[in-house]
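Analysis of the macromolecular model
Read off the chains here:
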Amino acid sequence: MTGPSPGDNLDIKRLRAHHRMMWRIRAFEEQALRGLDDKVVLGAIHPSIGQEAVAAGVTANLAPSDILLSTHRGHGHTLGKGADSTAMMCELLGRVGGNCGGKGGSMHIADFSVGMLGANGVVAANIVIAAGAAHAIKLKREPHVVCCLFGDGAINRGPFLEGLNWAAVFKLPVLFVCEDNGFAATTRTHTMTAGAGAGARARALGLPTFELDGNDVLAVDAATAEAVRAIRAGEGPRFLHARTYRLTGHTGADAATYRSADEVAARRRGEPIGRAAEILGAAGVLSEELAADARAAIEEMRAAYGKALAAPFPPAETAFTDVQDAGDPRREAF
Amino acid sequence: MATATYMEAGRAALAEEMRRDPLVWAVGEDLGRGGVFGQYRGLVEEFGPERISDAPISEAAILGAAVGAAMMGTRPVVEMRFADFALCAMDELVNQAAKARFMFGGQTRVPLVVREPIGMWRSSAAQHSQSLEAWYAHVPGLVVACPSTPADVKGLLKTAIRSDDPVVFMEHKNLWGLTDEVPDGEHLVPFGEARVIRPGRDVTIVSWSAQVHVAVEAARKLAGEGIEVELIDLRTLWPWDKARVLESVEKTGRLLVAHEAVAVAGFGAEVAATIAEHLGQRLKAPVRRLGAPRTLIAYAPPLENAVRVTAPAIVEAVRDMVGRS
Ligand SMILES: Cc1ncc(C[n+]2csc(CCOP(=O)(O)OP(=O)(O)O)c2C)c(N)n1
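Counting from 1, residues in each chain are numbered in the order their sequence is written. Chains carry letters from A onward and ligands carry numbers from 1 onward, assigned in written order. Only residues with pLDDT of 70 or above have their local features reported here, since the model is predicted, and side-chain atom pairs are shown and tallied only from 80 upward, although totals for entire chains, interfaces and linings are computed over all residues. To get the side-chain values, take all heavy atoms of the structure and skip hydrogens and water.

Chain B appears in an unreviewed UniProt entry as Pyruvate dehydrogenase subunit beta from Aliidongia dinghuensis. UniProt positions are given in the numbering used here, feature names are shortened, and annotations may be inferred rather than shown by experiment. Recorded under Cofactor (unreviewed entry), the UniProt text for chain B is reproduced unchanged: "thiamine diphosphate".

The name given to chain A in an unreviewed UniProt entry is Acetoin:2,6-dichlorophenolindophenol oxidoreductase subunit alpha, with the source organism recorded as Aliidongia dinghuensis. Reading the Function (unreviewed entry) entry of the UniProt record for chain A gives the comment "The pyruvate dehydrogenase complex catalyzes the overall conversion of pyruvate to acetyl-CoA and CO(2). It contains multiple copies of three enzymatic components: pyruvate dehydrogenase (E1), dihydrolipoamide acetyltransferase (E2) and lipoamide dehydrogenase (E3)." What UniProt records for chain A under Cofactor (unreviewed entry) is the sentence "thiamine diphosphate".

If you want it as structure tokens, here you go:
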């Protein structure tokens, strides 16, 4: 099935909220990339610039008590789930006040207080963990939904098959979202993927699957709404295959020379924030109001960055805490 | 106190913990029919198929799902059938279970138990016979338990289920039928507390799992020759009871570590190095360790036997250490 059509009864307030969220995600990542240039954001940063509609459209349908698991490209998902941008920025800078106390960084960002159970540095690993989180929800007879986002590269790893099979066999409340940007790092995924790809594989395992334009936030929102309704009704897992495009390189350090400037320019014209703005404009929202959304987001992230820069690094002793209860790493070093 | 087999003791521990805590559940292949060795027999009748859950042959999913379910507040007991198959779920154990608490800055815990039966079991050959405990002792975040007796299976499994850390629980396949006394009810063995099986003054032997029983045989033989062995069963490799071993070797001046696993880069090396670092000057003989040669385990019995650490081999090593060979 394709995603349900947003139809004519456009909910301007909701689309405006998506517009704001997409701007917050973009501004966060642009600020993070500047931090990389300033050498205060360290390690690898995987931006999702151009993919914001998936994060915004999907997470808008999750309740605070719902659960989300993400990938190495998870800033947008995490913001969408409700995490605080200052805490996230502190985490990216490895500072006190970061969600993970500076132990995780961008690739392991997590905020359990908003049901965000972690970005994961291992491609596809989150899929089986998500199935297990849903398994626990079912065992405890709780009403929550688990949402698991991953890239198109993840569908070639075993945990994709194992996790989808598991969720389907046990009829678990999971929404799987393949955020298909066409690339797995620097490789065009289709050149390394047999058959018809993500949606076909999910359907083969019996999961009702929505194929949709992942740059159309309304389409993502509508499809997620329908999928989540079915999951909450106890109908088992659902699969969303959302096609999108990342406008930057794979990481902040990747110049993405494996694709032409023309290709990127063409895709830039279909990027999701501009598309949302166009619909809002046509529906009568003033361009100043739209610009204000962008400005507020940029201000928020600049302030977050400033607070993070001012925060201290965590004390070195914390390198030895939160390892495990049994066997203190300081006492038992040798 | 009643007697029970090693297998029954594990089953009793799980059943007691499941009765005590509704968030404890077990998952693995063929559990509904009792598990490969009967460790789960009868449990599905009492607890139902949701809590004694059959799983697809999908080790990564079994362990990965357990990680997710543990982060959501349940306490999964994961059955891997053989330690060898758990290798199909190495990412889930080493990269996910062991790291989640630290990596997420203490926001979560992964209270799961992975049962990974280890050891040689007649003619099971290279893919059903390994003892990989040293691998896990190397991984920060994991607890490693290797019980040698029915009482310890019960006491350590109950502790493991109540632990908030991920625990690799390694039962020895050759011990399933071993019968011994097992305390009833609330019998808990803490992690990191070794058991002195017999006191002695001449040499300390450190061992764990099935090898302990081989060492007992060797110690008896040596006693007949007037050599008094102090035999220590570590019971858990992480944390391990360094204090107890140091105290013993301080007394005896000699240490032999004996284990079934490959000696090279094994846990015996860790124990030996620790003792050498702390007591090197005071030792009466160089520290020794016995383990399997760095080869694979064969199918044919004489080939399989060729890699075993036997009681005569232990006896010979000890005689050598005390200068009586
Ligand atoms: C198991 C594993 N193999 C390789 C990598 C290195 N790696 C990080 S991201 C990535 C590409 C993933 O592509 P995809 O799943 O499509 O996600 P995207 O980066 O496009 O969002 C690779 C190969 C990894 N992190 N994990």
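There's more to say after this.
Further remarks concern the UniProt feature "domain: Dehydrogenase E1 component" (unreviewed entry) in chain A. The sites that carry the UniProt feature "domain: Dehydrogenase E1 component" (unreviewed entry) are, in the present numbering, residues 21–315 of chain A. Strand forms 11% of residues 21–315 of chain A and helix 45%; the C-alpha atoms that close the span are 34 Å apart. In DSSP terms, a helix is any run of H or I states spanning at least four residues, a strand is any run of E spanning at least two, and both are numbered starting from the N terminus.

Next up on the list: the interface of chain A and chain B. When checking whether two residues touch, look at their non-hydrogen atoms; a contact exists if any pair is within 4.5 Å. Opposite the 44 residues of chain A that make contact, chain B presents 47 residues. Once two parts are brought into contact, the accessible area they lose, counted with a 1.4 Å probe and summed over both, makes up the buried area. Buried surface at the junction of chain A and chain B, both sides included, amounts to about 3700 Å², of which 61% is carbon and sulfur. The term salt bridge refers to a side-chain nitrogen of Lys or Arg lying within 4 Å of a carboxyl oxygen of Asp or Glu. Linking chain A to chain B there are 4 salt bridges. In this structure, the salt-bridge partner of A:Asp325 is B:Arg101, at a minimum N-O distance of 3.3 Å. Under the rule applied, a polar contact is a pair of N or O atoms within 3.5 Å (in protein, one hydrogen donor and one hydrogen acceptor; residues adjacent in sequence only if both atoms are side-chain atoms). Across the chain A-chain B interface, the total number found is 19 residue pairs in polar contact (both at pLDDT 80 or more). For the side of chain A that touches chain B, the elements supplying multiple residues, two or more each, are helix 5 (125–139) and helix 6 (158–169) of chain A. Here the element with the most residues in the side of chain A that touches chain B is helix 5 of chain A; it accounts for 10 residues. Just so you know the grouping, Ala, Val, Leu, Ile, Met, Phe, Trp, Tyr, Cys and Pro go in nonpolar, Asp, Glu, Lys and Arg go in charged, and all remaining residues, Gly too, go in polar. Of the residues that constitute the side of chain A that touches chain B, the class distribution is 21 nonpolar, 13 polar and 10 charged.

Think of it in three bands: with a 1.4 Å probe and only protein chains considered, a residue is buried below 20% of the maximum accessible area for its type, exposed above 50%, and partly exposed in between. Among the 8 residues in helix 2 (residues 52–59) of chain A, 8 count as buried, and that is most of the element. Taken together, the buried positions of helix 2 of chain A are A:Glu52, A:Ala53, A:Val54, A:Ala55, A:Ala56, A:Gly57, A:Val58 and A:Thr59.

This part takes up the sheet that holds strand 7 (residues 167–169) of chain B. All names here are of chain B. At least two bridges found by DSSP between two strands is the condition for calling them paired. Ordered by their spatial adjacency, 7 strands build an open sheet running 3-2-4-5-7-6-12, and the pairing between neighbours is mixed. Either end of the sheet is taken by a strand with one partner, and the two such strands are strand 3 (52–54) and strand 12 (236–238). Neighbour-to-neighbour, the strand axes of the sheet open up by a mean angle of 20°, direction not taken into account. Pairing between strand 2 (residues 24–28) and strand 4 (residues 75–79): 4 bridges, direction parallel. The residue bridging tryptophan 25 from the neighbouring strand is proline 76, located in strand 4. Lines are fitted to the C-alpha atoms to define the axes, a helix being fitted only along its stretch in contact, and any angle between axes, read from their N-to-C directions, falls within 0 to 180 degrees.

Now for the pattern of salt bridges. Using the criterion set out here, one finds 50 salt bridges over all chains in the structure. A salt bridge links A:Glu289 to A:Arg16, with the shortest nitrogen-to-oxygen separation between them at 3.4 Å. With A:Glu289 in helix 11 (residues 287–310) and A:Arg16 in helix 1 (residues 12–37), this residue pair connects regions lying 273 residues apart in the sequence. Residue A:Glu289 is classed as partly exposed on the basis of its relative accessible area of 32%. The class for A:Arg16 is buried, based on a relative accessible area of 14%. Counted as one network, the salt bridges with shared partners bring together A:Lys103, A:Asp322, A:Asp325, B:Asp21, B:Arg75, B:Arg101, B:Arg109, B:Asp164 and B:Asp165.

With that settled, consider the site of the ligand. Residues and elements named next belong to chain A. Summary of the distance rule: residues count as near a molecule or strand when at least one heavy atom falls within 4 Å of that molecule or strand. Around the ligand, the surrounding shell holds 15 residues, and the nearest of these are His72, Arg73, Gly121, Gly153 and Phe183. Between the ligand and glycine 121 there is a distance of 2.9 Å, counted from a nitrogen atom to a backbone nitrogen or oxygen. Separating an oxygen atom of the ligand from a side-chain N or O atom of aspartate 152 is a distance of 3.0 Å. Surface exposure here means Shrake-Rupley accessible area, sampled with a 1.4 Å probe, where a residue is shielded only by the protein chains that are shown. Summarising the interface, the protein chains cover 71% of the accessible area of the ligand, which totals 570 Å² for the free molecule. Split by residue class, the shell around the ligand holds 6 nonpolar, 6 polar and 3 charged.

This part is about a nonpolar patch on the surface. Residue and element names in this part refer to chain A. A cluster of nonpolar side chains, Leu10, Ile12 and Ile279, forms an exposed patch at the surface whose accessible area comes to about 200 Å². Mapped onto the elements of the fold, isoleucine 279 is located in helix 10 (residues 272–282). What makes isoleucine 279 partly exposed here is its relative accessible area of 34%. Residues with no salt bridge and a relative accessible area higher than 30% make up the patches, which join like charges within 9 Å and nonpolar side chains (Val, Leu, Ile, Met, Phe, Trp, Tyr) within 5 Å.

Attention now goes to the side chain of B:Thr108. In this structure, B:Thr108 sits in the loop between helix 6 (100–103) and strand 5 (113–115). With relative accessibility at 5%, the residue B:Thr108 sits in the buried group. If near-sequence neighbours (up to four positions away) are discounted, B:Thr108 is found in contact with A:Phe112, B:Met71, B:Ala100 and B:Arg101.

Quick look at the packing of helix 5 of chain A against helix 6 of chain A now. Residue and element names in this part refer to chain A. Between helix 5 and helix 6, whose axes approach to 8 Å, the crossing angle comes to 15°. By the angle between their axes, helix 5 is roughly parallel relative to helix 6. Where helix 5 crosses over helix 6, the handedness of that crossing is left-handed. Across the interface between the two elements, Ile127, Val128, Ala131 and His135 from helix 5 touch Pro159, Phe160, Glu162, Gly163, Leu164 and Trp166 from helix 6. Along the lines of polarity and charge, the residues of the contact of helix 5 with helix 6 split into 7 nonpolar, 2 polar and 1 charged. Should an angle fall under 35 degrees it is called roughly parallel, over 145 degrees roughly antiparallel, and 65 to 115 degrees roughly perpendicular, with every other angle called oblique. Take the far helix as your reference; a near helix turned counterclockwise from it by less than a right angle gives a left-handed crossing, and one turned clockwise gives a right-handed crossing.

If you check UniProt for "domain: Transketolase-like pyrimidine-binding" (unreviewed entry), the listed places come out as residues 4–178 of chain B in our numbering. Along residues 4–178 of chain B the backbone is 38% helical and 14% strand, and the end-to-end C-alpha distance reaches 8 Å.

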